[in-house]
Structures are given as structure tokens and as C-alpha cells.
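Coordinates in review
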Amino acid sequence: MNLTMKVALACTTAMIGTAAAAQSMTIGITQNNVGVDSYQTTYEQAFIAAAEANDDVEVVVLDAGGDVARQIAQMEDLIQQEVDAIIIWPTNGEAVIPAVRKASQADIPVIVTNSNIAEAGFDFVASFSGPDNITQGSRSAEIMCDKFTDMGIQDEARVVQISGQPGYTTAIERAQGFEERLPEVCPNVELVETQPGDWNREKSQQVMEAFLVKYDDIDGVYAGDDNMGVGALNAAKAAGRDGITFVGATNFAVGYEAMEAGDYWGSIYQSPVDDAEAALQTAIDTINGEDLPFLNYFDTPKITQDNMGDFTKPVF
Amino acid sequence: MTPDKRKDLLKMSAIWAFILVELAFFSIIGDRLSVSDKAFMDFENMLLLLKQSAPIGIIALGMTVIMINGNIDLSVGATFALAAIVLLESMTWPFMQTLGDWAIPLAWLFALLTGVAMGAINGLIVWKTGVDAFIVTLGAMLGFRGLVFMFNGEQPTSHLNWTLVDFAEAQFLGLHTATWFLLATALLLWLLMTKTVHGRNAYAIGNNREAAVNAGIRVGPHFLLNFMLIGFLAALSAVVFYSESGSVNPNDGMLYELWAITAVVLGGTKLAGGYGSIISTLGGVIAIQLLRKGLGHVGADTQTVNLVIGLILIAVLILDRQLNRKGQEELKI
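Residues numbered from 1 in each chain as written. Chains lettered and ligands numbered in written order. Predicted model: local features only at pLDDT ≥ 70, side-chain atom pairs only at ≥ 80, totals over all residues.

A few words on the overall build of chain A. For chain A, the helix and strand inventory stands at 10 helices and 12 strands. Oriented by its inertia axes, the alpha-carbon framework of chain A measures out at about 80 × 35 × 35 Å. Relative to its 316 residues, chain A shows a buried fraction of 52%. (Helix = DSSP H or I, 4+ residues; strand = E, 2+ residues; numbered from the N terminus. Buried ≥ 20, exposed ≤ 12 C-beta atoms within 10 Å, placed from the backbone.)

Laid out in C-alpha cells, this is it:
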């Protein structure tokens, strides 16, 4: 042990020459599975770009490849390297809790990014940085209400909802945000029925087909994301039903294209670039000792046919 | 020393030489590239290395026995996930919860029995039908994974028990719990393969199955035992790992069979069977984890790590082929 200490000391002394160049902080990140979808790929590129643009920050960028064991090993490695903060995109919201606890015991602040860990681990986490699903849902309600007002049907419109997979926090929160906000902005619009589309386009199309048979008058469809929204749109097109306003809670490329074609009204823009930059900034602020809310959301703006020119097409 | 012995020695020590090269590389180059102020060859880091080698390592050690037999087991990753689900789910059963912390050893037992049962299924089919182990375990890989998904759909199965986590994170004489399990498994399997009749039979069967049958070795039951052994070890690996993490995704353990086989082959065990060593496989496991850790240390991404390991694997096989050539093209040492 003594020898190791000496060796370690010698090595660190030798390294001071290079390390002292920047009065910097080191931030480690272990991501879920880069390359599995373009959201995560874009996130990583944006994260590295943001870190390179900041002279005070050095980053260790790791990717668990979807493997919990590898992610836990990476957490241990980052703790061992004594980084100043760790950002984690959990592969499994519960399996990483002990590893997060280890970091917090080593006095390294942990920032959870994109999707939160389970509540049992909240005590060991400095901050969560990610999108606010409830806000996304309530903004979708506003988009829909504004459209109905423009059309002059705000006092009679009937809406159906296609929600995400039951049991997922994301699905529950997006539905909740919409259901709470809609009566506030458009008290006379009626939400007639909600059915799960399981984040799946084909399933949503079937759900919408059933809705179309059941209800002669549907003015709006709210979907948990554009993938499901476009499924519903296809069903409406096939049935020859026009004049329905489609709104999603997260903009996907398919939704963006449908908006360009004029079939789909609007959605909420969730950018992986904003997500990555928010995570890095949250880590920097945490290291600097700034007071942050535990749930530190980044902004997810509204996107409709009217303002879609301001946004680039989503990569996912 | 005869050339044959010298070659054998070279083969056995190749993996350890490779590990030394890796250590030297990451210590010299790595510490210059890394943003961390800590040396790679830090004592704590090396302890972590052993601990992180355990999940795949325990499986790879068992895979060595199977491969010396001339068989292969592709279902270990799925068995790993299945045992993990049994481990975590059984602790939530009502009668188990009344037992308090005594539920832990019982949950371990259930998980290990699951592994043994899955291995027995493989072994029995191989024995009784004579179908190649590759095909049987390929089917088992898909089937067991199907069971995993049937159990809880796409959702993770979770049960966080801090007593269990504390046990798994403990360090005894400096070594982590997982490391102890890895080293104990290595020791026991080494004894099995070098000091017992069963071990000698394993080599004999792998070398020439027909000759082994003629020599009176009961090949079927032998296979059955070995498949039960690797089922047990896949479950043991799950027990050790999930004691510390407390939640299993339905796709956990995917590709573990391939990592385990990679480690075994890196250690010099022949795919055709009849030749191999437990200790060299331990070297293979450490070499892989060292690469993952070291490349992470210097800031390479996961794709690069996989690429490098793939290249090294092919290089090892070419080297192995050269060393085994006879006659004119024989490698002169």
C-alpha cells in the first residue's frame, strides 16, 4: 500500500505539468446507449461540443452500451478518478442506485440526465436535468386550445387522447399535464376518451380507427408523442375524415414531415442538444455551489405549422 | 526443454504477457491522455478491475470447461437474466418477507437452483438427442430470454435490499465480495480440471470423443454435469452482481455469452476442444476488462473498445494457428 501511494504520488507529481495548464473542473458522464437511436447520438455530440467550447471544463465521456454492469463499472471508474461531478443517463432507474450512493458517499455530486432514477435514490442525487413531461402535456393543451379558438370551435370541440405505454412515468405525466391544463384554457372543450397507444404507431392507428367508428364528431387528437399522433393521422386519412387537429407531446421527424405537409398541427420541441447542454450546465452549476432546484428542467418550446421554420427537423 | 514444451509455455503465458503490455501502455500513454490526475496503475483501480471482471469472469470460467469438452453454451446470458429475476422477485414473496434477512440466502438458493435447472435442460437435450450443443443452446438462449420477457414484459424487475447491497459492496482483506467469488470459482474449477478424474475426462472427450467412449467414459452424463455446472455459474454470476444492483432489465446479460467465449478464446482454449486452461481464461477476462477500463481511461468511446477487442481476438486466433502448425510451415522457436 505504501509503495502504491508513493508510485501514485510520483505519477501525480509528474502530471502536474500538464494538468495545471487549465484551472479546470473534470466532469464524467456515463450514457445509456449511444448509437441505439439518433436522439442519444446527437446528445453525445452536443455534449462534447458544449464541453469543448468551455475552457474550464474537461469531460470524460463514457457509454454503457445499454449494459447495467458496464454502467456501474463506469461509475466506479469515475469515482476512482476523482472527477468533480458525474452525470448519469440511467440504463435502469433502480439498478444504478447503489452506484449513485457510492458516488455520493465519496462526496461526488451526481446529476441524473434525461430520465430520472427511482425515488429511493433521490437522497444521493444532487440534481435532475431533463425535460418536464407535465409542461409538455400542458403546452400541448394550449396549442390545441389556440387552434380551436382560431377555428371558432372552442365552445363545442371534442377531443380524444392517445396516451403512451401504461405504467411509464413519461406517459402518465404527459397525460396529466394535458388533462389539467385543457379545462383551464378551454373550459368547454370536452375530452371524450383516452386509450393507450403504447408509443406504437400501428397500435395508435387501430385505437384511432375505433375512435372514428365510435364518435361521429372528433375535432382534435392529442397523442403522447408524434409517432402515435401520426398513426392516428393515418387512420383519419384512411377513413376520409378531415378537419381534425392533431397535436403531439413530443416532436418526432415523422410529425415534422406531417406538419410540412399540412396534415398535422403541432407538437412540443424536445431537442437533444438542449438536453445535453442543460445537463453540462447543471453539473457546472452544482460544482460551483449554486442553488439549483432538484428537478432542473430545460425548456421545451411549442412548435406548430406557424413557427416550424424556426426549428430544424428532429433527428429522431 | 523440447520445442513442444516451449510452445506450450509460450501459449500459456501469452495472455499474461499481453496483460503486462496493456498495463504498461495504459500507464505510460494512458496517464498522459487521461484528464484524470489519478494514475491508471493505482492500487484501488486494480482492485476495482478484479471486481468488475467478476460478472463475465465467473461465466467465462465455466465456459472454459464446456469448451474443453468441445461444446459451447450460448444460453448463459439468458440464464443470467432469469436467475436474476428469480433472485429479486423471490424476495418480494409474502413468506420470504416474514423471514427478514434470512430471505437473502434462500433467494440465492432459488436463483442458483434456477441456473442448475436451466443447465440440466440443456445437458439432457444434448445427451439424449445428440444434437450439437451449439444448436441446443442457441434454442435455449432464445427460449430462456422469452421466459424473461414473459415474466415482466419490457419492465425491469426490482427489489432493492440495502443489507444485500452492503454485503455486495463489502471489502474483506481489501478484495470486494465479487472478487472473492471470482477467485474462489477459479480455484475450485482449476482443482476440478487438473486434479480430478472428471477434469481429465473433460480433456479426453474434447480431444477425441470416440476414443473417450471406447475408453469407457460415459460422455452423456459427463456433459449433463458440465451443463449443470455452467448453469450454476451463470446464476452465481447473477447472484453476485444483482445483490449489488437490485434491478434487472429484461435484456440484461445479452451478449454475455459472446464476451465469455471471447475471454476463453483469448486465454488460449481451443474452440474444437481438448485444450485449455482455467487460469488462462482468468487472464482473458482480466485482459478484456483492462481494455475496457483503460480505453475508457484515455477517453475512447465504447465502439472503439469493441473494435480493439475484436482485432485482438482475431490476432490471437492467427497466432494460435501458427503455433499449432506442423511440418514445413511450422513456427520455429
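Helix and strand content of chain B: 14 helices and four strands. What you see for chain B is a C-alpha radius of gyration of 21 Å, in line with the 20 Å of a compact globule of 333 residues. Out of the 333 residues belonging to chain B, those deemed buried represent 49%. Summarising the internal contacts of chain B: among those between residues at least 6 apart in sequence, 78% fall at separations of at least 24. (Rg over C-alpha atoms; globule rule 2.2 N^0.38 Å. Contact = placed C-beta atoms within 7 Å.)

Let's shift gears to the nonpolar core. Counting 139 residues, the largest nonpolar core has B:Ile59, B:Ala83, B:Leu87, B:Ala111, B:Ala238, B:Val239 and B:Ala260 as the members making the most contacts within it. Considering each element in turn, this core owes the most residues, 16 residues, to helix H11 (residues 219–245) of chain B. Non-local contacts of B:Ala83, meaning those with residues more than four positions away in its chain, are made with B:Ala111, B:Thr114, B:Gly115, B:Ala234, B:Ala235, B:Ala238 and B:Val239. Counting 42 residues, the second largest nonpolar core, distinct from the first, contains A:Phe178, A:Cys186, A:Ala232 and A:Ile244. (Core = buried A, V, L, I, M, F, W, Y, C linked by C-beta atoms within 7 Å.)

Residue position: A:Glu202 is located in helix H7 (residues 201–214). The spacing of A:Glu202 and A:Val230 is 28 residues in sequence and 9.5 Å in space, taken between C-alpha atoms.

All names here are of chain A. Read across the sheet, six strands follow the order E2-E1-E3-E4-E5-E11 without closing on themselves; strand pairing throughout is parallel. If you trace the sheet from one side to the other, it starts and ends with strand E2 (57–63) and strand E11 (295–297), each paired once. Sheet twist, expressed as the average angle between the axes of neighbouring strands with direction ignored, equals 20°. Of the strand pairs in this sheet, strand E1 (residues 25–31) and strand E3 (residues 85–88) are connected by four bridges, and their pairing is parallel. Across the sheet, Thr30 pairs through a bridge with Ile88, a residue of E3. (Pairing = 2+ DSSP bridges. Axes fitted to C-alpha atoms, helices over the stretch in contact; angles between N-to-C directions.)

The next subject is the environment of A:Gln195. All names here are of chain A. Of note, Gln195 is situated in strand E7 (residues 190–196). Separated by 118 residues in sequence, Gln195 and Asp77 have C-alpha atoms that sit 44 Å apart. Excluding its chain neighbours within four sequence positions, the residues that come into contact with Gln195 are Ile162 and Val207.

With that out of the way, let us pick up the confidence of the model for chain A. Residue and element names in this part refer to chain A. Mean pLDDT over chain A: 87, with 92% of residues reaching 70 or higher. Within chain A, no element has a lower average pLDDT than helix H1 (residues 2–19), which sits at 46, and none a higher one than strand E8 (residues 220–223), at 96. A low-confidence stretch, residues 7–22 (pLDDT under 50), is modelled with 12 contacts involving residues beyond four sequence positions or located in other chains. (pLDDT = per-residue confidence, 0-100.)

All names here are of chain A. Residues Ala85 and Ile87 line one face of E3 and the alternating positions Ile86 and Ile88 line the opposite face, and both faces are buried. Relative to strand E4 (residues 110–113), E3 runs parallel, the two sharing three bridges. Bridge pairing in E4 links Ile87 to Ile111.

The next thing to look at is the domain arrangement of chain A. Segmentation of chain A into domains returns domain 1 (2–131 + 272–299) and domain 2 (133–269). Spacing between the C-alpha centres of domain 1 of chain A and domain 2 of chain A amounts to 36 Å. (Domains from an automatic or database assignment.)

Attention shifts here to the confidence of the model for chain B. On average, residues of chain B score 87 in pLDDT, and 94% of them reach the 70 mark or higher. Confidence estimates for the predicted assembly give a pTM of 0.79 and an ipTM of 0.81.

Moving on, we come to unusual backbone geometry. Of note, the phi angle at A:Asn114 is positive, near 70°, even though the residue is not glycine. Summarising the element assignment, A:Asn114 is placed in the loop between E4 and strand E5 (127–130). Within the chain, B:Leu255 stands out as a residue other than glycine whose phi angle is a positive 75°. Position of B:Leu255 relative to the elements: it lies in the loop between strand E4 (247–248) and helix H12 (256–266).

Checked against the element boundaries, B:Asp301 lands in the loop between helix H13 (278–298) and helix H14 (302–323). If we skip the residues at most four places from it in the chain, B:Asp301 touches A:Val61 and A:Asp63.

Now for the packing of helix H3 (residues 68–80) of chain A against helix H4 (residues 97–105) of chain A. A pair of packed helices is captured by two measures, namely the crossing angle of their axes and the spacing between those axes. Residues and elements named next belong to chain A. Interaxial distance between H3 and H4 falls to 9 Å at its minimum, and their mutual angle equals 5°. Looking at the two axes, H3 sits roughly parallel to H4. Facing Ile72, Met75, Glu76 and Ile79 of H3, the residues of H4 in contact are Ala99, Lys102 and Ala103. Partitioned by chemical class, the residues of the contact of H3 with H4 number five nonpolar, no polar and two charged. (Parallel < 35°, antiparallel > 145°, perpendicular 65-115°, else oblique. Nonpolar A, V, L, I, M, F, W, Y, C, P; charged D, E, K, R; others polar.)

Moving on, we come to the pairing of E5(A). The two faces of a sheet get side chains in turn, since along a regular strand they alternate between them. Residues and elements named next belong to chain A. In E5, alternate side chains face the same way, and those of Ser127 and Ser129 on one face and Phe128 and Gly130 on the other are all buried. Pairing geometry for E4 and E5, over three bridges, is parallel. When the bridges of E5 are listed, Ile111 appears paired with Ser127. Here E5 runs beside E11; their pairing, made up of three bridges, is parallel. When the bridges of E11 are listed, Gly130 appears paired with Tyr297.

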